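The primary structure of each chain is shown beneath.
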Amino acid sequence: MSENNNETTNKIYISYNQLHDIIRQTVERTKLIEKFSPTLLIAISAGGFLPTRILRNIIKSEIGGKSLPIQTIGLCLYESEKHEIYKTQWISTDKKNDPLAVSLNGQNILIVDEVDETRTTLSYAVNELRKDIEKQKLLSKENDEEWIEPKLGVFVVHNKTIDKRANLPEDLMNSFYFVGENVSGEWIVYPWDALDIHEHTHLAENSNKTNQPTV
């Protein structure tokens, strides 16, 4: 989720084709399927929508007919001194009271967003999902059910190499943090931000970009 659109910042334009290529190449380069094998994708609204859909298609082409559901969460960053976040949409995980609740038991949960800017929203999402996991874990113990500890991972199309306001767990960062490209402080303009998609594509294909792929 992009958190800062500064008019004075240099812009990087990304076309639909470039977006697709970045995601596909990242899956291959990071060996995401072999290392993490996602079983549940969670898109952060709204920048994570299209990357998640593309990612799902690429992963399913490798794993075959296995189910790979997508869930959506919505987070709003309140720009104050505390940089507070509140939920606008969240998945139901209340297995005790909601028959349609999502089971996190044994899941490899990949959170997807377009950009990791200040890391505030990603950190919040991971922390809240960890709370949901603990609640389901306790309920499973109460019901004497088998519990397999879920794994959490993060996939972002771009990571801004700037000072972060929040952190992600060290184990996640070391093993399950997947990045398409690292950029500096540029303002990234994605195709869903465009009003004239033809002009946007032209700018994306002909502008000099300073972003460098993550190795």
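The present account deals with the structure reproduced in this document. Within each chain, residue numbers correspond to sequence positions counted from 1 in written order. For a predicted model such as this one, the threshold for reporting local features is a pLDDT of at least 70, and the threshold for listing and counting side-chain atom pairs is 80 or more; totals across whole chains, interfaces and linings nevertheless cover every residue. Excluding hydrogens and water, the side-chain figures rest on all heavy atoms present in the structure.

1. Quick notes on unusual backbone geometry
Here's step 1: The residue after Ser 45, namely Ala 46, is reached through a cis peptide bond having omega -5°.
Here's step 2: Its location among the elements puts Ala 46 in the loop between strand 2 (40-45) and helix 3 (49-63).
Here's step 3: Not every positive phi belongs to a glycine, and Lys 31 is a case in point at roughly 55°.
Here's step 4: Counting from the N terminus, the helices are DSSP H or I runs at least four residues long and the strands are E runs at least two residues long. Here Lys 31 lies in the loop between helix 1 (16-30) and helix 2 (32-35).
Here's step 5: With relative accessibility at 48%, the residue Lys 31 sits in the partly exposed group.
Here's step 6: Positioned with a positive phi, Asp 144 is a non-glycine residue whose angle comes to about 55°.
Here's step 7: Positionally, Asp 144 belongs in the loop between helix 4 (120-142) and strand 6 (151-160). Three labels apply to residues, based on accessible area from a 1.4 Å probe with only protein chains included: buried if under 20% of the type maximum, exposed if over 50%, partly exposed otherwise in between.

2. Side note on the environment of Gly 47
Here's step 1: Residue position: Gly 47 is located in the loop between strand 2 and helix 3.
Here's step 2: Taking the relative accessible area as the measure of exposure, Gly 47 reaches 8% and is therefore buried.
Here's step 3: C-alpha of Gly 47 to C-alpha of Asp 116: the two residues are 69 residues apart in sequence and 11 Å apart in space.
Here's step 4: In what follows, residue pairs with any heavy atoms lying within 4.5 Å of each other are defined as contacts. Those residues within four positions of Gly 47 in sequence are excluded, and the remaining contacts are Asp 113, Glu 114 and Trp 192.

3. What to know about the packing of aromatic side chains
Aromatic ring pairs are described here by two measures, namely the spacing of the ring centres and the angle between the planes.
Here's step 1: The rule is short: rings of Phe, Tyr and Trp, with Trp giving its six-membered ring, pair when the centres are within 6.5 Å, and they are stacked under 30 degrees, edge-to-face over 60, tilted in between. Here the structure, examined in full by the defined rule, presents three aromatic pairs.
Here's step 2: When the ring of Phe 36 is compared with that of Phe 178, the centres are 6.2 Å apart and the planes differ by 65°; the resulting orientation is edge-to-face. Taken together, the positions of Phe 36 in the loop between helix 2 and strand 2 and Phe 178 in strand 7 (residues 177-183) put the pair 142 residues apart, joining distant regions of the chain.
Here's step 3: On the accessibility criterion, Phe 36 (1% relative accessible area) is buried.
Here's step 4: With a centroid separation of 4.9 Å and 5° between ring planes, the pair formed by Tyr 190 and Trp 192 is classed as stacked.

4. Topic: the side chain of His 158
Here's step 1: Inspection of the secondary structure puts His 158 in strand 6.
Here's step 2: One polar contact links His 158 to Glu 181, side chain to side chain, over a distance of 3.4 Å. Identification of polar contacts relies on pairs of N or O atoms within 3.5 Å, with a donor-acceptor requirement for protein atoms, meaning one able to donate a hydrogen and the other able to accept it, and with residues adjacent in sequence counted only if both atoms are side-chain atoms.

5. Focus: the pattern of salt bridges
Here's step 1: We define a salt bridge as a contact between a side-chain nitrogen of Lys or Arg and a carboxyl oxygen of Asp or Glu at a distance within 4 Å. Taken as a whole and assessed by the stated rule, the structure comprises nine salt bridges.
Here's step 2: Between Arg 24 and Asp 21 there is a salt bridge; the shortest N-O distance is 3.4 Å. Here Arg 24 and its partner Asp 21 are both found in helix 1, three residues apart, which amounts to about one turn of the helix.
Here's step 3: Of the residues examined, Asp 21 reaches a relative accessible area of 33% and is grouped as partly exposed.
Here's step 4: Of the charged contacts in the structure, one is a salt bridge between Glu 149 and Lys 137, with a shortest N-O distance of 3.5 Å. Note that Glu 149 is positioned in the loop between helix 4 and strand 6 and Lys 137 in helix 4, a separation of twelve residues in sequence.

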